[in-house]
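Coordinate analysis (summary)
Take a look at the letters that make up each chain.
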Amino acid sequence: MTNTAVLLIDCPDRKGLVAAVASLLYRYGANITHADQHQDHQAGLFFMRVEWTLEGFDLSAFRTEFQTTAAELRMQWQLKLMSEVPRVAIFVSQHLHCLVDLLYRQQAGELHCSIPLIVGNHQNAEALARFYGVEFRHIPVKPEAKKQAEDEQRRLLSAEGIDLIVLARYMQILSPDFVQEYPARIINVHHSFLPAFMGARPYHAAFQRGVKLIGTTSHYVTAALDDGPIIEQDVVRISHRDQAEDLIKKGRDIEKAVLSRAVMWHLERRILCYGNKTVVFD
């Protein structure tokens, strides 16, 4: 990853916003490598992502002056360094295809992160974690002791300095307290084209409904089940010849792709949340 900085902005829309940001970056000698913006006309909001190289750039002085500009224009903003490597924990249950895909992509350099921890409520992933040299912690989640399990998970996450949690077909519902601790920092993959077929066994529900397309959704986790801001979705066509088991098999491929794209875009600082939506910059 190049030595660049990324500025993410959302604010009330008005004239001159792009010029205000670009001119300030120009005064500090920034070489802009990427710029993208979006206006939500109905909501009256403006969104922007700018990335630039840091060679010869006074980041501290720019940050100080930009704070004043942002306050004047009522901007919410994030300034991130792409040289920083986010630490990711993966939660998994018994289905390992999404976990395998994420571990391979990270090792191949496609995901700009480290993966120091895998947490499983079953032991299925232990051998795979050992193969990739990642610590695996088995934390069973029993209905009568769910809080204790989450307390142990949170201690592990804190000790490892985790920045992002990825639920790679983790078939447990996180408590509101847990979710609140990681706002827009928990990414889930749900094996249906939300908002259709929320909850458990969506492939079987899709089969019973006789749909001709099945899909997968990756979204940020909120306290409302399967209702967080959607990051990415994809579909695959099926027919009357397919049984529920065929839907499950066909769905695995798009589950992997949709989750990995969502994680990659988050790591590349390409996503802004507003309301229950996301802007995903090119």
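Read on for an overview of the structure. Each chain carries its own residue numbering, running from 1 in the written order of its sequence. Thresholds applied to this predicted model are a pLDDT of at least 70 for local features of residues and 80 or more for the giving and counting of side-chain atom pairs; totals over whole chains, interfaces and linings are not thresholded and use all residues. As a convention, hydrogens and water are excluded, and side-chain values are obtained from all of the structure's heavy atoms.

1. Some words on the overall build of the chain
The criterion, for reference: Here a strand is any run of E in DSSP of at least two residues, a helix any run of H or I of at least four, and the numbering for each starts at the N terminus. We take the radius of gyration over the C-alpha atoms and set the globule estimate at 2.2 Å times the residue count to the 0.38 power. Think of it in three bands: with a 1.4 Å probe and only protein chains considered, a residue is buried below 20% of the maximum accessible area for its type, exposed above 50%, and partly exposed in between. Any pair of residues with heavy atoms lying within 4.5 Å of one another is described as a contacting pair. Note on areas: these come from Shrake-Rupley sampling with a 1.4 Å probe, and a residue is covered only by the protein chains present in the view. When charges are counted, neither His nor the chain ends are considered; positive counts come from Lys and Arg and negative counts from Asp and Glu. To locate a charge, the coordinates of NZ of Lys, CZ of Arg, CG of Asp or CD of Glu are taken.
Secondary structure assignment for the chain yields 8 helices and 13 strands. Its C-alpha atoms give the chain a radius of gyration of 21 Å, near enough to 19 Å, the size a compact globule of 282 residues would have. Seen along its three principal axes, the alpha-carbon backbone of the chain occupies a region of about 60 × 40 × 35 Å. Across the 282 residues in the chain, those meeting the buried criterion constitute 47%. Sequence separation of at least 24 residues holds for 67% of the intrachain contacts in the chain that already meet a minimum separation of 6. Accessible area for the chain stands at about 14,100 Å²; split by element, carbon and sulfur atoms hold 49% of it. Between the averaged position of the 31 positive side-chain charges in the chain and that of its 33 negative side-chain charges there is a distance of 4 Å.

2. What about the packing of helix 1 (residues 17-27) against helix 2 (residues 59-72)?
Which entries qualify depends on this criterion: Here, axes are lines fitted to C-alpha atoms. For helices the fit covers the stretch in contact, and angles between N-to-C directions go from 0 to 180 degrees. Angles are sorted into four bins: roughly parallel if under 35 degrees, roughly antiparallel if over 145, roughly perpendicular if 65 to 115, and oblique for all others. By convention the crossing between two helices is left-handed if the near helix lies anticlockwise of the far one by an angle smaller than a right angle, and right-handed if it lies clockwise. In this classification, Asp, Glu, Lys and Arg are treated as charged, Ala, Val, Leu, Ile, Met, Phe, Trp, Tyr, Cys and Pro as nonpolar, and every other residue, Gly included, as polar.
Packing of helix 1 against helix 2 brings their axes to within 11 Å, and their N-to-C directions diverge by 155°. Viewed along their axes, helix 1 and helix 2 adopt a mutual orientation that is roughly antiparallel. The way helix 1 lies across helix 2 gives a crossing that is right-handed. When helix 1 is examined against helix 2, the residues Val21, Leu24, Leu25 and Arg27 are found in contact with a partner set consisting of Phe62, Glu65, Phe66 and Thr69. Grouping the amino acids of the contact of helix 1 with helix 2 by side-chain chemistry returns 5 nonpolar, 1 polar and 2 charged.

3. A word on the environment of Ala19
As for its placement among the helices and strands, Ala19 is situated in helix 1. According to the relative accessible area criterion, Ala19 is partly exposed, its value standing at 48%. On a C-alpha basis, the gap between Ala19 and Ser114 in space is 36 Å, while along the polypeptide they are 95 residues apart.

4. Let's talk about the side chain of His191
Note on placement: His191 falls in the loop between strand 9 (186-190) and helix 7 (202-209). Among the residues examined, His191 registers a relative accessible area of 7% and is labelled buried. Those residues in contact with His191 that lie beyond four places of it in its chain are Arg169, Met171, Pro202, Tyr203, Gly215, Thr216 and Glu255.

5. Considerations on the environment of Lys80
Structurally, the position occupied by Lys80 is in strand 4 (residues 76-81). Looking at Lys80, the relative accessible area reads 31%, which means it is partly exposed. If we skip the residues at most four places from it in the chain, Lys80 touches Thr4, Ala5, Val6 and Arg269.

6. Looking at the pattern of salt bridges
This is how it is decided: The salt bridge definition used is simple: a Lys or Arg side-chain nitrogen within 4 Å of an Asp or Glu carboxyl oxygen.
Summed over the entire model, instances satisfying the criterion amount to 16 salt bridges. A salt bridge links Arg105 to Asp101, with the shortest nitrogen-to-oxygen separation between them at 2.7 Å. On the criterion of helical spacing, the pair formed by Arg105 and Asp101 is a turn pair, its members being 4 residues apart in helix 3 (residues 97-107). The salt bridge partner of Arg261 is Glu232, with a shortest N-O separation of 2.7 Å. Of the two residues, Arg261 is situated in helix 8 (residues 244-267) and Glu232 in strand 11 (residues 230-237); the sequence distance between them amounts to 29 residues. Given the relative accessible area of 24%, Arg261 is considered partly exposed. It is possible to trace a salt-bridge network through shared partners that takes in Asp101, Arg105 and Glu110.

7. Quick word on the packing of aromatic side chains
For clarity, the cut-off: Each Phe, Tyr or Trp ring (for Trp, its six-membered ring) is paired with any other whose centre lies within 6.5 Å, and the angle between the two planes then decides the class: stacked below 30 degrees, edge-to-face above 60, tilted in between.
All told, the structure shown has 12 aromatic pairs when counted by the stated rule. Consider the rings of Phe66 and Trp77, whose centres lie 5.1 Å apart with planes at 85°: the pair is edge-to-face. Separated by 11 residues along the polypeptide, Phe66 in helix 2 and Trp77 in strand 4 bring together distant segments of the chain. A relative accessible area of 0% means that Phe66 is categorised as buried. Overall, Trp77 belongs to the partly exposed group, its relative accessible area being 26%. Centroid distance Phe91 to Phe178: 6.3 Å. Interplanar angle 70°. Geometry classified as edge-to-face. Pair noted here: Phe91 is in strand 5 (residues 87-92) and Phe178 is in helix 6 (residues 176-181), with a separation of 87 residues, a long-range link. For the pair shown, Phe91 and Phe178 are each scored as buried. Grouping aromatic residues by their ring pairs yields a cluster made of Tyr28, Trp52, Phe57, Phe62, Phe66 and Trp77.

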